[in-house]
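Understanding the architecture of this molecule
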Amino acid sequence: MIKPQHLSARAAVHRLGLRLTALGVAAALAFAPVPASAQSNNGPRLLRDTEIEQLLRDYTRPILRTAGLEKQNIQVAIINDPTFNAFVADGHRIFVNYGALMQSQTPNQLIGVLAHETGHLAGGHLSKLREQLAQAQTQMIVAMMLGVGAMVAGAKSGGEGAAGNIGMAALSAPQEMIRRNLLSYQRQQEENADRAGVKFLTATGQSPKGMYETFKRFTDDSLFASRGADPYAQSHPMPADRVRALEDLARSSPYWDKKDDAALQLRHDMMRAKTSGFMEKADTVNRRYPLSNDTLPARYARAIATYLHGDLRAALAQIDGLIQQQPNNPYFYELRGQALLEGGRPADAVAPLRKAVAMTNGAPLIEMLLGQALVASDNNANTEEAIGILRAALARETEAPLGYSQLAMAYGRKGDYAQADLAAAQAAFLRGDNKTARELASRAKTRFAVGSPGWVKADDIVATKPMPGQKE
């Protein structure tokens, strides 16, 4: 009887930990105390884009420098989710839903979100919360044992009914207290992150108004609906209290009224337009950016939607108009190449993608597109170049399944089946398909000389065991 209660105590703590995690991830500007696996079937679906990622790096660089995290190689990862959310989960990445990109109307609003999340990282909140959860687990088990002991003692004395009540009270009361303590701790961490975010923004000469506006909007939209809620049962500070405290702190900044630079606002608007064009339905894009809107961001969104959902010829004409207006914008050439590649004209995609690669000093994601176009152009003369470009890109972007799958095709065309199997195994492994990865890696081992670099890499994949819950 004691053993099941012991296991039940652990299960209760596990459920509590999951509930806290869910609260953190579901609420905006939260942090989750669990690792997230990128680009696999078991982790969040990530979106990758050179232009947007560069903008987010520009947003975070001064904040991370001020927070003392500049050398920690912290990245911002974009999650394929339309809701407004941002969180940190592994100490090395800030996760931002694309919905947060779309709904942040100014750079300052999104920068405020990133500053808040940096506050969690700088404060070591993830590791501290894990310590609190571990401590709560011990407390919960002890409480369970005491409750069971009370019931056993009462039963021996002959008062089964009273013993049951005493035992249940001994079991439930400590659990509720522990839960409230954890929630209180998490609320305090959120308040600390708010203060740290304002501090970082002020130190970098940026306005904290955007952070305040974001929280205010959440409150106005009832995203943190809490009318009648017990303030001690919330994982985040109650909205009115939090917004009031944040407003007082933010207004004390000498940069409260500072506006975003016009050039940065344009980049932000282009990012939002690009996200809309790729992630929303064509009719939604057209409603958001009607033909009467002749701004560059609106034309960008419509060009993307046209190539994805409409006529390639019309899309190319729109993209060419963008290039004519901004001939030094590498991402317009990238878009032209991508449209041609996905439109079944890979040979024509090579030239604009070459230009985009050159203008971005070899951005690896664009290099992979160029490698894909070279492979798909069905010209054996391009094979060696494709292999060189793809290997260079993968040296900097080591977790890109697309790059490895294209490299496998290039090696296969060359007749180097050992390298082709290895690259295909690496692509499958990064997609989370461990069974296929091991099968391909096992075959690659038979093609490589024993002990060679390729054999060692293939052997590593064969020997890798899937994480709990990961696809076999």
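Everything numeric here is computed off the predicted structure, so don't read it as measured data. (Residues numbered from 1 in each chain as written. Predicted model: local features only at pLDDT ≥ 70, side-chain atom pairs only at ≥ 80, totals over all residues. Heavy atoms only, no water.)

Turning to the overall build of the protein chain, a few remarks are in order. A count of helices and strands for the protein chain gives 20 helices and 4 strands. Of the contacts formed within the protein chain by residues at least 6 apart in sequence, a portion of 65% connects residues at least 24 apart. (Helix = DSSP H or I, 4+ residues; strand = E, 2+ residues; numbered from the N terminus. Contact = heavy atoms within 4.5 Å.)

With that out of the way, let us pick up the sheet that holds strand β4 (residues 93-97). In spatial order, the strands read β1-β2-β4-β3; together these 4 strands make up an open sheet with mixed pairing. Looking at the sheet topology across the chains shown, the edges are occupied by β1 (46-47) and β3 (86-88). For strand β2 (residues 75-79) and β4, the ladder comprises 5 bridges, and the chain directions are parallel. The partner of Val76 across the bridge, within β4, is Ile94. (Pairing = 2+ DSSP bridges.)

Compared with the 18 Å implied by 1.5 Å per residue over 13 residues, the 18 Å span of helix α13 (residues 330-342) between its first and last C-alpha is a close match. Counting buried positions over the 13 residues of α13 gives 11, a clear majority of the element. Among all positions of α13, only Pro330, Tyr331, Phe332, Tyr333, Glu334, Leu335, Gly337, Gln338, Ala339, Leu340 and Leu341 are buried. Packed against the buried residues of α13 are α2 (50-66), α9 (262-279), α11 (296-309), α12 (312-325), α14 (346-359) and α15 (364-376). Structurally, the start of α13 carries an N-cap: the backbone nitrogen of Tyr331 is 3.0 Å from a side-chain oxygen of Asn329. (Expected span 1.5 Å × (residues − 1). Buried < 20%, exposed > 50% of the residue type's maximum accessible area, 1.4 Å probe, protein only. Polar contact = N/O pair within 3.5 Å; in protein donor to acceptor, adjacent residues only side chain to side chain.)

Of all the positions in helix α20 (residues 453-463), only Gly454, Trp455, Ala458 and Ile461 are classed as buried. Along the long axis of α20, the arc covered by the buried residues comes to 125°, so they all point the same way. The exposed set on the far side of α20, more than 90 degrees from its buried face, consists of Pro453 and Ala463. Buried positions along α20 lie against α18 (417-430) and α19 (434-447). (Arc of directions from axis to C-beta.)

A few words on the packing of α2 against α9. Helices that pack against each other are described as a pair by the angle of their axes relative to one another and the distance between those axes. At a minimum axis distance of 10 Å, the contact between α2 and α9 shows a crossing angle of 140°. In terms of axis orientation, α2 runs oblique to α9. Where α2 crosses over α9, the handedness of that crossing is left-handed. Here α2 contributes Glu51, Ile52, Gln54, Leu55, Asp58 and Tyr59 to the contact with α9, which in turn contributes Leu264, Arg267, His268, Met270, Met271, Lys274 and Thr275. The class makeup of the residues in the contact of α2 with α9 is 6 nonpolar, 3 polar and 4 charged. (Axes fitted to C-alpha atoms, helices over the stretch in contact; angles between N-to-C directions. Parallel < 35°, antiparallel > 145°, perpendicular 65-115°, else oblique. Left-handed = near helix turned anticlockwise from the far one by under 90°. Nonpolar A, V, L, I, M, F, W, Y, C, P; charged D, E, K, R; others polar.)

Moving on, we come to the pattern of salt bridges. Scanning the entire structure with this criterion turns up 22 salt bridges. The shortest N-O distance in the salt bridge between Glu53 and Arg48 comes to 2.5 Å. Connected through salt bridges with shared partners, the residues Asp49, Glu51, Lys274 and Glu334 form a single ionic network. (Salt bridge = Lys/Arg side-chain N within 4 Å of Asp/Glu carboxyl O.)

This paragraph deals with the packing of aromatic side chains. For any pair of aromatic rings, the description rests on two quantities: the centre-to-centre distance and the angle between the ring planes. Within the structure shown, the criterion is met by 4 aromatic pairs. Between Phe87 and Phe95 the ring centres are 5.3 Å apart and the planes differ by 20°, which places this aromatic pair in the stacked class. The burial state of Phe87 is the same as that of Phe95; both residues are buried. For the pair Tyr300 and Phe332, a centre-to-centre distance of 5.2 Å together with 75° between the ring planes defines the contact as edge-to-face. Taken together, the residues span a long stretch of sequence, with Tyr300 in helix α11 and Phe332 in helix α13 at a distance of 32 residues. (Phe/Tyr/Trp six-rings, centres within 6.5 Å; stacked < 30°, edge-to-face > 60°.)

Turning next to the environment of His92. Here His92 lies in the loop between β3 and β4. Linking His92 and Gln75, residues 17 residues apart in sequence, is a C-alpha distance of 6.5 Å. When sequence neighbours within four positions are dropped, the list of residues in contact with His92 reads Gln72, Asn73, Ile74 and Gln75.

Relative to the helices and strands, Ser207 is located in the loop between α6 (160-203) and α7 (209-220). Here the side chain of Ser207 touches Lys209 through a polar contact of 2.9 Å, landing on its backbone nitrogen. Once residues within four sequence positions are removed from consideration, Ser207 is found in contact with Asn108, Leu201, Tyr255, Trp256 and Lys258.

A word on the environment of Arg288. Locating Arg288 in the fold gives a position in helix α10 (residues 282-288). Each C-alpha atom, one on Arg288 and one on Ala273, is 9.2 Å from the other, the two residues being 15 residues apart in sequence. There is a polar contact of 2.8 Å between the side chain of Arg288 and the side chain of Glu280.

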